[in-house]
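What follows is each chain in one-letter form.
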Amino acid sequence: MLQRHSGQEGVVLLEKSELTAGSTWHAAGLTTTFHGAVNIKKIHYYSVNMYAELARETGQEIGLHLPGSIRLATTPSRVDEMKYQMSRHGCHEAPQCLLTPQQVKELVPIANVDNILMGLYTAGDGHVDPYSLTQAIAKGARRYGAVILQGVGVTGLTLREDGKWVVTTTAGDILAHRIVNAAGFWAKEVAKLAGSDLPLVPNHHQYLVTSTVPEVKALKREIPVLRHLEGSFYLRMERDGLLIGPYESESSMKQCEDWMWNGVPKGFGKELFQPDLDRMEPHLEVAMELVPCFAEANIQSVVNGPITYTPDVLPLVGPDIIPNMWLAAGFGYGIIHGGGIGKYLADWIMKGEPPFELTECDPLRFGSWTSNEYVLAKARESYGMNNALTFPHEERYAGRPTSRVSGAHDILESRGACMQIHSGWEQPAWFASPGETPQYCPSFRRTNWHEAVGREVNLVMTSAGIIDLTPFAKIIVEGPQAAAFVHYVTANRVPQVGRTVITHLLSPTGRVYAELTVTRTSDNTFLVITGSGVELHDLRWLKEQARLEDWKVSFTNVTEDLGCLSVAGPNSREILASLSPAFKEDFPFFSCKEVTLAGVKTTALRLSYTGELGWELYHPRSHTAGLYQALHHHGHQFGVGDFGTLALNVLRLEKGFKMWGAEMNMDTTIIDAGLMNFVDMNKGEFVGRGALQELLKQRPRRRLVQVKIDSADVDPNGDETVWLCGKAVGNTTSGCFSYHLGQPLAYVYLPPHLAVPGTQVQVELLGELESGTVLPEPPVLTHIARAQQHKP
């Protein structure tokens, strides 16, 4: 809340027009604690609680109404979706429950519930007056010393060598330690002043307001905000009338495409677009069925204004890769995000690390591959599918493929690959056999790729499989201080030349900012491999640490240049040995060799996320197709086949391997995740070491364990609630169907007294509490452990 301000002095807000100009003044002002992404719930929850206190703290009324909201299910799949969302909510603070149609009717007497199967009710939701809210926040900010300059535009941004910014304005220059680009639909233009670009485009959003409706006026209390998901609209009371806002279809909605190419029209501030009731008509017909009295209402006004979208509708929040440039842009739902995002950014800026994991909003999740054409296509798709069913492992196809395709992409598709997109890359999730269609049939239950993934798991365990890992991010760190720098920023020991380690980037408080594979290719050169989704996220942290301490190192992002194929399974050595004698020689675990395979110069790393014998083969991306074909040709006699990321996930879970973004992230310390075996506390000072020393003096509050689950046809995906005696006691982090166990398997965080082998818990899966048992160890040993077990 405002009284718990961070204490930063010298804060200046520049507004080129007046406060609330842009998208704010015409917003519908909805507030909700609901969101499908678990940590964005925290953002929403903070915002609603902050707004509830603002009038008292500032003396400025904000028109806050909190009648609750109800999401309406009118199809069986929607019911499953609501149960899926409820299963992921038990550990969160905001109240939320499912309603029967009769309970919906009791809360909304004017509704026709004949077609309603279920409601998802979030108490404490509602709406606020955006203008008054903005003025209250501004009043409170001024009270604590912030300066707000209206009518002052930014015309230039210059980064000095010392990391400070010269902000050129229509009223003169300002020297700033850091800047935050929160310029709404001008944010793209502001970024260009700094030599950057942002994947943003404004979409047209319409809503209408009726005059007084007698049935609404006769209500004794305000009804909850309704969200009809199949009809794709929201509906709430506006005084004695109704306000209805549809999200139009992908084919009918409109975008400010010319703004993307030519910039926002000069002088645009509080203008609106011409209303188009024809585009709204299909949604309004459903609204008339839901609330019959709306059919007789008179339309008083129609608002049609620009709202800025990113390709995936989530905002851009956090630091840019440019030093001391921060972003808070691309808010499709800016009112509910506002308070929580402000707090999140303030904490990160003041404390030097994010307060919790919010990678889904990281501004660097998009990169140079994100063309304007891609942004337009994806923003159109995201807007048109705003209320579409969202399934686990869902794929949407607008704008694909991007420029990021593996050199073997066409061959993989010809072999039956069903592709998923990872940070712009197309990557096989699984392979269809002849006669099968390589397409995911969306479901909240076990679905059509179940048998195919089982075949691939068996292939890797008994023979050998090839997987395309080209989407891995690859960064070369080099320079006279490269070894000392790697020592300082990572928690594990620094490898010797020709060796590889798994290590972590820790925050100052000991939380897990990233997991890396680091290979030392020469005395002063390291090849750093990280996940596809955090390519620039991790590079930004490395660059910032080097800048802050003036390390003499350089960074080269070779993600686009290098392809990666991995061969794994008991026959992998024989396959590779048929291509190079280097694999017939001693090739120890976690070692690296430069080899030539089928004429392709390759950096071969002896490791595999499958837990089986295997190698990762890094090579020029232009040669991936030839290398892939050679591996298949020479591997045919050894029974080689293809496998995808779904099988890889099963194999790593069955071996007890943990994954960044699931088992570990900025929500967890490395102690929480049980990864202290990857930390060398004796090597000297490194980022996070002091925090770990203090944490090791304390008893842990939770443990990460594996749980097998008795479920007939629903598998865990992560973030499901774990219960005991009617109390939420933990959550899953990731899961799968274990083909070895013949039942689902999940990683789970539990209190220490429940993290004991044999403990019985209940895991909520699609509305059912399924029995779970804590396992003493991973269900499958790695190939090295199996070999040691069988030694005489």
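Keep in mind that what you see is a predicted model, and the values were worked out from it rather than measured.

Novice: What's the story with the environment of E451 in this structure? I'm lost.
Specialist: Position of E451 among the secondary structure elements: in helix α12 (residues 450-462). The class for E451 is exposed, based on a relative accessible area of 59%. With 288 residues separating them along the chain, E451 and Y739 place their C-alpha atoms 9.8 Å apart.

Novice: How should I be thinking about the sheet that holds strand β10 (residues 172-176) in this particular structure?
Specialist: Sheet strands associate in pairs through backbone hydrogen bonding, adopting either a parallel or an antiparallel arrangement. Here we have three strands laid out as an open sheet, ordered β8-β9-β10, and antiparallel in their pairing. Sheet topology places β8 (154-159) and β10 at the edges, where each strand pairs with a single neighbour. Each strand of the sheet is rotated relative to its neighbour by a mean of 20 degrees, with strand direction disregarded. Here strand β9 (residues 165-169) pairs with β10 via five bridges, running antiparallel. Residue V167 lies in a different strand from β10, and its bridge partner there is I174.

Novice: Can you walk me through the side chain of T32 in this structure?
Specialist: With respect to the secondary-structure elements, T32 resides in the loop between β2 (30-31) and α1 (38-58). Among the polar contacts made by the side chain of T32, one reaches the main-chain amide nitrogen of F34 at a distance of 3.0 Å. Among residues more than four places away in sequence, those in contact with T32 are H44, V48, S69, T122, D125, R227 and I336.

Novice: Even after reading the chapter, I still don't get the pairing of strand β28 (residues 592-597), so can you show me in this structure?
Specialist: The side chains of a regular strand alternate, first on one face of the sheet and then on the other. Judged from the six bridges that link them, β28 and strand β29 (residues 600-605) form a sheet pairing that is antiparallel. Counted as the bridge partner of T596 is K601 from β29. Counting the residues between successive antiparallel strands, the hairpin from β28 to β29 contains two residues, one of them, A598, with a positive phi of roughly 55 degrees.

Novice: What am I meant to see in a negative patch on the surface here?
Specialist: On the surface, D278, E281, E285 and E289 cluster together into a patch of negative charge. Following the sequence through the fold, E289 ends up in helix α8 (residues 277-290).

Novice: Could you clarify how one ought to interpret the packing of aromatic side chains in this entry?
Specialist: When we look at a pair of aromatic rings, we describe it by the centre distance and by the angle of the planes. Taken as a whole and assessed by the stated rule, the structure comprises 26 aromatic pairs. Their ring planes at 45 degrees and their centres at 5.4 Å tell us that Y84 and F444 sit as a pair that is tilted. Separated by 360 residues along the polypeptide, Y84 in helix α2 (residues 76-87) and F444 in the loop between β20 (425-431) and α12 bring together distant segments of the chain. The interplanar angle of 25 degrees and the centroid separation of 5.3 Å between the aromatic rings of F583 and F587 together place this pair among those described as stacked. Of the two residues, F583 and F587, both sit in the buried class. Grouping aromatic residues by their ring pairs yields a cluster made of F185, W186, W259, F268 and F273.

Novice: Hey, could you run me through the packing of α12 against helix α17 (residues 645-654) in this one?
Specialist: In a pair of packed helices, the angle between the axes and the distance between the axes together describe the arrangement. Where α12 meets α17, the closest approach of the two axes is 9 Å, and the angle between their N-to-C directions is 60 degrees. Classed by the angle they form, the pair α12 and α17 counts as oblique. Between α12 and α17 lies a crossing of right-handed hand. Seen from α12, the contacting residues are V453, E456, V457, V460 and M461; seen from α17, they are L646, A647, V650, L651 and E654. Residues of the contact of α12 with α17, tallied by class, amount to eight nonpolar, no polar and two charged.

Novice: Explain the environment of T155 to me, please; I cannot follow it from the model alone.
Specialist: Looking at where T155 falls in the secondary structure, it is placed in strand β8. C-alpha of T155 to C-alpha of R511: the two residues are 356 residues apart in sequence and 39 Å apart in space. Contacts of T155, omitting those with residues within four sequence positions, involve T168, T169, T170 and L193.

Novice: When you look at the nonpolar core in this model, what are you seeing that I'm missing?
Specialist: In summary, soluble globular proteins display a tendency toward joint burial of nonpolar side chains. In this structure, W430, V453, I670, L692 and L750 are the most contacted members of the largest nonpolar core, which totals 66 residues. Formed by 29 residues, the second largest nonpolar core is a distinct cluster that contains V108, I110, V113 and M237.

Novice: Hey, could you run me through the layout of surface pockets in this one?
Specialist: Sizing a probe to match a water molecule and rolling it over the atoms shows the empty space that remains. Approximately 580 Å³ is the volume attributed to the second largest pocket. What lines the second largest pocket is a set of 24 residues, and nearest its centre among them are W326, E544, Q545, R547 and L548. Secondary-structure elements contributing two or more residues to the lining of the second largest pocket are β18 (325-329), α9 (334-351) and α14 (535-549). Here the lining of the second largest pocket gets eight residues from one element, more than from any other, and that element is α14.

Novice: Whenever I open this one, the pattern of salt bridges confuses me. Can you help?
Specialist: Should the charged atoms of two oppositely charged side chains come close, the side chains can pair. In total, this model carries 35 salt bridges according to the counting rule given. A salt bridge links E381 to K378; the shortest N-O distance between them is 2.8 Å. Note that E381 and K378 are positioned in helix α10 (residues 372-384) at a spacing of three residues, about one turn of the helix. E612 is the salt-bridge partner of K655, the closest N and O atoms lying 3.1 Å from each other. Separated by 43 residues along the polypeptide, K655 in the loop between α17 and α18 (689-695) and E612 in the loop between β29 and β30 (614-620) bring together distant segments of the chain. E612 matches K655 in its accessibility class, with the two residues each being buried. One network of salt bridges, in which partners are shared, links R404, E535, E560 and R621.

Novice: Hey, could you run me through α8 in this one?
Specialist: An ideal rise of 1.5 Å per residue puts 20 Å on 14 residues; α8 measures up with 19 Å between its terminal C-alpha atoms. Residue H283 marks the point of greatest curvature in α8, where the axis turns by about 40 degrees. Residues of α8 that are buried: R279, M280, H283, L284, A287 and L290. Taken together, the buried residues of α8 touch β3 (69-73), β12 (201-210), β13 (225-228), β14 (233-238), β15 (241-246) and β16 (299-309). Capping the start of α8 is the job of one residue whose side-chain oxygen sits 3.2 Å from the backbone nitrogen of D278: D276.

Reading guide: rules and limits
- Residues numbered from 1 in each chain as written.
- Predicted model: local features only at pLDDT ≥ 70, side-chain atom pairs only at ≥ 80, totals over all residues.
- Heavy atoms only, no water.
- Helix = DSSP H or I, 4+ residues; strand = E, 2+ residues; numbered from the N terminus.
- Buried < 20%, exposed > 50% of the residue type's maximum accessible area, 1.4 Å probe, protein only.
- Pairing = 2+ DSSP bridges.
- Axes fitted to C-alpha atoms, helices over the stretch in contact; angles between N-to-C directions.
- Polar contact = N/O pair within 3.5 Å; in protein donor to acceptor, adjacent residues only side chain to side chain.
- Contact = heavy atoms within 4.5 Å.
- Patch = residues over 30% accessible without salt bridge, like charges linked within 9 Å, V, L, I, M, F, W, Y side chains within 5 Å.
- Areas by Shrake-Rupley, 256 points an atom, 1.4 Å probe, with all protein chains shown as cover.
- Salt bridge = Lys/Arg side-chain N within 4 Å of Asp/Glu carboxyl O.
- Lys, Arg positive; Asp, Glu negative; His and termini not counted.
- Charge placed at Lys NZ, Arg CZ, Asp CG, Glu CD.
- Phe/Tyr/Trp six-rings, centres within 6.5 Å; stacked < 30°, edge-to-face > 60°.
- Parallel < 35°, antiparallel > 145°, perpendicular 65-115°, else oblique.
- Left-handed = near helix turned anticlockwise from the far one by under 90°.
- Nonpolar A, V, L, I, M, F, W, Y, C, P; charged D, E, K, R; others polar.
- Core = buried A, V, L, I, M, F, W, Y, C linked by side-chain atoms within 4.5 Å.
- 1 Å grid on protein atoms, 1.4 Å probe; cavity = no way out; pocket = protein on both sides within 12 Å on 5 of 7 lines; lining within 4 Å.
- Points joined across faces, edges and corners; volume = space filled by probe spheres on them.
- Expected span 1.5 Å × (residues − 1).
- Bend = angle between axes of the 7 residues up to and from the residue.

Interpretation note: all reported values are geometric properties and have no functional meaning in isolation.
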